[in-house]
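# Residue-level structural notes
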Amino acid sequence: MKNYIYKFICVVMVSAFAKAQSPQDIFQAAGTPSNPKVSVAFNQYYTAEGLAEIGKKIADAHPKLVKRMSIGKSTEGRDIWLLAITDSSTGNPDRKPGFYLDGNIHSNEIQGGEISTYTAWYLTESFGKVPYITEMLKDRIFYIVATINPDARNNYMKEPNTGSSPRAGMIALDDDSDGLFDEDGYDDLDGDGSITQMRRKSATGDYIINPQDPRRMIRIGPDDVVTGQRYEMLGREGIDNDGDGVINEDTPGYYDPNRDWGWKWQPDYVQRGAYKYPFSAPETRAVADFVKAHPNIAGAQSFHNSGGMILRGPGAEEDKDTYNRADVAIYDAIGKKGEELLPGYNYLTVYKDLYSVFGGELDWFYGGRGIYTFTNEIFTGFAYYKNKDGDRDQIYDAGKDLLLGDGFTPFKAYNHPTYGEIEIGGFKKNVGRATPGFMLEEEAHRNMVFVFYHAFHMPHLSVGDVSVKSLPNGYKEVTATIVNNRLMPTHASQDLKYNIERPDYIKLSGAKVLAGMIVEDADFNVTKEQKNNPESIQVKNIPGNDKVMVRWIVKGGNTMTITVDSAKGGLVEHKVK
Amino acid sequence: MKIHYLLGFCFLFSFGLQAQSDYQNEQQVTATLKKIASNKNAQLKSLTKTAGGKDIWMLTLSAGAPDAHPGIAIMGGVQGDHLLGTELSIKMAENILQNHPEALKKTSFYIFPNLSPDATAQYFSSMKYARQGNASPTDDDRDGKVDEDPYEDLNGDGIITMMRVEDPTGDYQMLEEDNRIMVKADPNKGDRGTYKLLSEGRDNDKDGVFNEDGAGGVYFNKNFTFGFPYFEKGAGEHPVSEVEHRALLDYLYTQWNIYAILTFAPENNLSKPLKYDKGKASKRVITSILENDAKLNEMLSEMYNEIIPKDDAPENHGEGGSAFEWSYFHFGRLAMSTPGWWPEKAKGDSINKAPKDKHANFLRYAEEQGMENVFIPWQEVQHPDFPNNKVEVGGINPFAMTHPPYPLVDSIAIKHTDFILKVAQMQPELQLVNLKQEKVDNNLTRITVDLHNNGLLPTHTEMGDKSRWLRKINVYMKVNGNQQLISGKGRQVIEKLDGDGTMQLSWLVQGSGKVTIEATAPQAGTATQTINL
């Protein structure tokens, strides 16, 4: 009986759902997949489980494009889900130039989850419809991890927090050196689900309520004549849970997953947030293990919030010399394009424009693996009024005009165990850093096309001109030009400096190879012979928008094949005609 | 089954009777450790297994709960070709348990006898060489191929030494005073090289370099976080990339009571202390020992030199990625490191002058001492890579200059035990002294006490004071429901106390009955005082 009712409800729900999807009722908006196989609302945020479910739906709906796998477990045992997206009908997926993107390394910086998911959704729904995407998935693979921090993403959403907490993952640490771990976090005293401000009436306080806007507090200047009620600000909502005379001094964490990466890592005393050693948090270790096992990854992107920034390394001033001119030119080309695609965003360098810290994700990707990597700080106040001159305070106008008052808890009286009669209120955690729903889809789309521009310019190799010249005594001279028609080389100059990745191999099969050489100057016949193993010529690099030329002296060879085998540039086969 | 037991018993029995004559292999080390662990004050635990499937053992020595006392960690086998470190740490454990059990009432010892078991096994294999890498396959020459150019034992003597190849393009020549030794020819001094000097083996991958990518591996002593030598052979792809490093560090980072670490490795800050460099110490990333810690190092060094003379000790303060550098710069503990032994220099006399060349001098010393198997005489071999050259294999035994003849090991271990017990006697020790209570009024008492560090070592090194991984001193004034703290904190955090340092604390308490003061830091112990108001 019960079962019957359940089935009935399901049928009703499915039919209602299907009706809303009816294609004849939909008119496609340009640039957005119409009538998609998987419907996702991109004007709201999803928990770790929510993202995992969307990822699974995408994978189930597009089995030829998506491979879904768990790359590891989080501190609390959640899977860290990765979607590998490519056209699996052409080529070996893991030998195509790979682009890695992730979101949410900082727990409260949630948009990356939705932007990554939007990217996966867009790629799969547009394949076969948008030629740019179809082509991209033919010779590239995307590795997308919507959240590399599922535990603390949930903590941010489900537990009372500020817009900036937690930043760490969920490994408990003893921040106040008392031998207890995470014992004095915030407390949602007014029960609104967010940690807001505490204030108290005080004859000597240095704030008053703005008479024109009761949401705002104004600081009193030294010459101000104050006639209204003075207040003192008491910090974030909380009580002294452990009775040590300090409030909120040991919140979950604190360590910073973005100080946990293995390039020039430095401990906590250098910059707060480093944990024990590089990749000491299970989440970052899972990503590092995946990246080490995928040498085809040539480009990468991580999403943070906020401030509207397209960031490149170095993260630390001391690491300036790692980024040399050739690689910076490539970063600049992509970063400046990003400024066009993302109005209100600025292309910046972490150590100069943000802060100087070691152990960041982008630093390891580039310094340790030679992968060109950006970090975007999603959302900026610019978005509210599309106005570059807007300051931080425009949030009060936007809260009223655009959010219609949603996201603000008016101050209310509360009897605090330590402070006595106080008032609690302020902006909720989903205002300020997280993009408001009505702007989220646009922000996701713009960041995605920035990713695509970056991914497009990963190395793209082909065998160009091949000439076969007969020599005396039945020898043949085979000369081939290998072309890379995109911005990135197969080896970043950081890579070349340390031989991070193996050389590229250009192989000739189908003939007896007697000698092989790199042609350094075709016009003057300057060549460099490779004496050992001449059928597989090793080249250190195939530069961006450039070519290399190789030559073999062979015997026989009626059906020869040239194979270009590059870790980051992919595998290309060419039959010699 | 029974026979099996019996055989095992016989083995143990004979093992117990026979004096050890050479360094112990993996099975022997394990058997010895298990035997040691039968002592009531010892516990044996495997932290993990390496890529080669070998245990990383940890031996804990303590009377009672190990965490209750400040602790010292001792690490051996830190460098894979340093078997002496393993032997010393095991023998120190035996010495402490048998001859100094009273020390365990104040100090716990955490002994990691062999942190490079994959590499030390090479010493006992049919092809003995000075291996440092673990069993993780690595592409040492970063050419895309893994472990493709190992050594070969061309003269079939079971030891990998050197090859000299007669070749007019070579840069080496024989040393005049001892033609067993090959030295670089200096054209500026009119010398002409006539030999190539290479390690023993073939150029398997034909890249022009010999034996540059053999079996394994990441070097245990090159994979730590301080000054990590990126992309160098043996370093690993990033710091702490190996399972044994993670297991060790995960353990130590939560072992809050450890205040000192003694590392047996080539790094040596005991014969000669680290020097304070103000410029390097003032940078954001600190690369010089800090000023106060340099003074501590000097004091420890003086103590060490009294027991083990510093003459002829090779200088080595670390070259990046080493365990010792990590133990100070990143772990912030009182860091001590020594190779344990080194050959003295042959002094010679007026007729027989001692050779200046380091290797020739060592051969003279070894001869004087009657050391055996020190030099493998050059022996001609046929070499496929040099079909037209005379090739000879030979040279100094790769372990000879870092390992004393085995019978000396016992006395070296005793000396190091004496040293570490002296350090333990200086360890930080919190005390609450000069307790005073004054009646301010009938129901109001002022309590004053001196928090004193009875140890000569500080509760925190200057470096450790900066680290979140060394806990501060917590002082609690515990009052009950009938009492009220009028002034002074129920709990306060004190950054540190110097050796023999003191800090006065006071409280105003209203009420009567008992109150308790407790001062505690895991690495400095706990002091308690109870007062009747």
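Thresholds, definitions, all that
Residues numbered from 1 in each chain as written. Chains lettered and ligands numbered in written order. Predicted model: local features only at pLDDT ≥ 70, side-chain atom pairs only at ≥ 80, totals over all residues. Helix = DSSP H or I, 4+ residues; strand = E, 2+ residues; numbered from the N terminus. Buried ≥ 20, exposed ≤ 12 C-beta atoms within 10 Å, placed from the backbone. Contact = placed C-beta atoms within 7 Å. UniProt positions renumbered as here; feature names shortened; annotations may be inferred. Domains from an automatic or database assignment. Axes fitted to C-alpha atoms, helices over the stretch in contact; angles between N-to-C directions. Parallel < 35°, antiparallel > 145°, perpendicular 65-115°, else oblique. Left-handed = near helix turned anticlockwise from the far one by under 90°. Nonpolar A, V, L, I, M, F, W, Y, C, P; charged D, E, K, R; others polar. Pairing = 2+ DSSP bridges. Core = buried A, V, L, I, M, F, W, Y, C linked by C-beta atoms within 7 Å. pLDDT = per-residue confidence, 0-100.

When you go through chain B residue by residue, the secondary structure sums to eleven helices and 20 strands. Judged by the C-alpha coordinates and their principal axes, chain B covers about 105 × 70 × 55 Å. The proportion of buried residues among the 533 residues of chain B is 42%. For chain B, the proportion of contacts with a sequence separation of at least 24, taken over those separated by at least 6, is 72%.

A few words now on the overall build of chain A. Tallying secondary structure elements over chain A gives 13 helices and 23 strands in all. Principal-axis analysis of the C-alpha atoms gives chain A an extent of 105 × 65 × 45 Å. A buried classification covers 45% of the 577 residues belonging to chain A.

Residue and element names in this part refer to chain A. Using the residue numbers shown here, the UniProt feature "active site" (unreviewed entry) corresponds to E377. Residue classification places E377 among the buried positions, given that 21 C-beta atoms sit within 10 Å. Not counting residues up to four positions away in its chain, the partners in contact with E377 are H304, N305, S306, G307, G308, M309 and L311.

What follows is about the domain arrangement of chain A. Residues and elements named next belong to chain A. Taken domain by domain, chain A consists of domain 1 (70-156 + 256-379 + 436-456), domain 2 (175-251 + 412-429) and domain 3 (461-575). Each of domain 1 and domain 3 was reduced to a C-alpha centroid, and the two centroids are 33 Å apart. The interface is formed by 20 residues belonging to domain 1 together with 16 residues belonging to domain 3. Looking at the side of domain 1 that touches domain 3, the elements that each hand over two or more residues are α7 (325-341) and α9 (361-368). With four residues, α7 is the largest single contributor of residues to the side of domain 1 that touches domain 3.

All names here are of chain A. It is at 10 Å that the axes of α7 and helix α12 (residues 437-456) come closest, and there the two elements cross at 155°. Relative to α12, the element α7 is oriented roughly antiparallel. Of the two elements, α7 crosses α12, and the hand of that crossing is right-handed. Residues I334, K337, G338 and L341 of α7 lie in contact with α12, whose contacting residues are R446, V449, F450, Y453 and H454. Among the residues forming the contact of α7 with α12, the class breakdown is five nonpolar, two polar and two charged.

Right, let's get into the sheet that holds strand β20 (residues 536-539) of chain A. Residue and element names in this part refer to chain A. If you walk across this open sheet you meet the four strands as β20-β17-β22-β23, and the pairing is antiparallel. With one partner strand each, in any of the chains shown, β20 and β23 (570-575) form the two edges of the open sheet. With strand direction ignored, the average angle separating the axes of adjacent strands in the sheet is 15°. The pairing of strand β17 (residues 504-509) with β20 spans four bridges and is classified as antiparallel.

With that settled, consider the nonpolar core. By size, the foremost hydrophobic cluster in this structure holds 97 residues, and its most contacted members are L82, L83, I85, Y143 and I144 of chain A. For this core, the element with the most residues is α12 of chain A, which contributes seven residues. Non-local contacts of I144 of chain A, meaning those with residues more than four positions away in its chain, are made with L82, L83, I85, L101, S116, T119 and A120 of chain A. Counting 76 residues, the second-largest nonpolar core is a separate cluster that includes L61, F109, L274 and W326 of chain B.

Our next topic: the interface of chain B and chain A. If you look at the interface, chain B gives 26 residues, while chain A gives 25 residues. Secondary-structure elements contributing two or more residues to the side of chain B that touches chain A are α5 (243-253) and β17 (491-494) of chain B. Of the residues in the side of chain B that touches chain A, the class split is eight nonpolar, seven polar and eleven charged.

Moving on, we get to the domain arrangement of chain B. Residues and elements named next belong to chain B. For chain B, the assigned domains read domain 1 (22-123 + 219-342 + 404-425), domain 2 (139-215 + 350-401) and domain 3 (430-532). Once you take the C-alpha centre of each, domain 1 and domain 2 turn out to be 32 Å apart. Of the residues lining the interface, five residues belong to domain 1; the matching set on domain 2 comes to five residues. Taken together, the residues that form the side of domain 1 that touches domain 2 break down as three nonpolar, no polar and two charged.

With four bridges connecting them, strand β15 (residues 473-478) of chain B and β17 of chain B associate as antiparallel partners. Bridged to I473 of chain B within β17 of chain B is I494 of chain B.

Our next topic: the sheet that holds strand β13 (residues 408-416) of chain A. Each strand in a sheet pairs with its neighbour through backbone hydrogen bonds, running either in the same direction (parallel) or in the opposite one (antiparallel). Residues and elements named next belong to chain A. Strand order in the open sheet formed by six strands is β7-β6-β8-β5-β14-β13, and the pairing between neighbours is antiparallel. The outermost strands of the open sheet, each flanked by one partner alone, are β7 (217-219) and β13. This sheet shows a mean twist of 40° between the axes of neighbouring strands, independent of strand direction.

Now for the confidence of the model for chain B. All names here are of chain B. Averaged over chain B, the pLDDT score is 95; the fraction of residues at 70 or greater is 96%. Throughout residues 1-17 the model reports pLDDT below 50, and contacts reaching past four residues in sequence, or to other chains, amount to two contacts. Interface confidence for the predicted complex, given as ipTM, is 0.94, next to a pTM of 0.95.

Residue Y254 of chain A follows G253 of chain A across a cis peptide bond; omega there is 5°. The residue Y254 of chain A is located in the loop between β8 (230-236) and α6 (282-292) in this model. With a phi close to 60°, N211 of chain B is a non-glycine residue in the positive phi region. Among the secondary structure elements, N211 of chain B is positioned in the loop between β8 (195-199) and α5. With a phi angle near 55°, V240 of chain B is a residue other than glycine that sits in the positive phi range. Here V240 of chain B is to be found in the loop between β8 and α5.

Attention now goes to the packing of helix α7 (residues 291-307) of chain B against helix α10 (residues 409-425) of chain B. Residue and element names in this part refer to chain B. The interhelical angle for the contact between α7 and α10, taken along N-to-C directions, is 150°, at an axis separation of 10 Å. Taken together, the axes of α7 and α10 lie roughly antiparallel to each other. The chirality of how α7 crosses α10 is right-handed. From α7, L300, M303, Y304 and I307 reach across to α10, where they touch K415, D418, F419, K422 and V423. Each residue belonging to the contact of α7 with α10 can be placed in one class, and the counts come to six nonpolar, no polar and three charged.

Take the environment of F264 of chain B next. Residue and element names in this part refer to chain B. Topologically, F264 is positioned in strand β9 (residues 258-264). Separated by 176 residues in sequence, F264 and L88 place their C-alpha atoms 8.3 Å apart. Not counting the four nearest positions on each side in its chain, F264 is found in contact with M75, G76, V78, H82, L84, G85, L88, S89, T338, P339 and G340.

Here we come to the confidence of the model for chain A. On average, chain A scores 95 in pLDDT, and the residues at 70 or more come to 96%. pLDDT under 50 marks residues 9-18 of chain A. Its contacts with residues more than four places away, or in other chains, come to zero contacts.

Glancing now at the environment of R446 of chain A. Relative to the helices and strands, R446 of chain A is located in helix α12. With residues near it in sequence (within four places) discarded, R446 of chain A still touches L341 and L342 of chain A.

Residues and elements named next belong to chain A. Along helix α5 (residues 150-158), eight of the nine residues are buried, which leaves the element largely enclosed by surrounding structure. Within α5, the full set of buried residues consists of P150, D151, A152, R153, N154, N155, Y156 and M157. Contacts from the buried residues of α5 go to α2 (48-61), β2 (79-85) and α3 (111-126).

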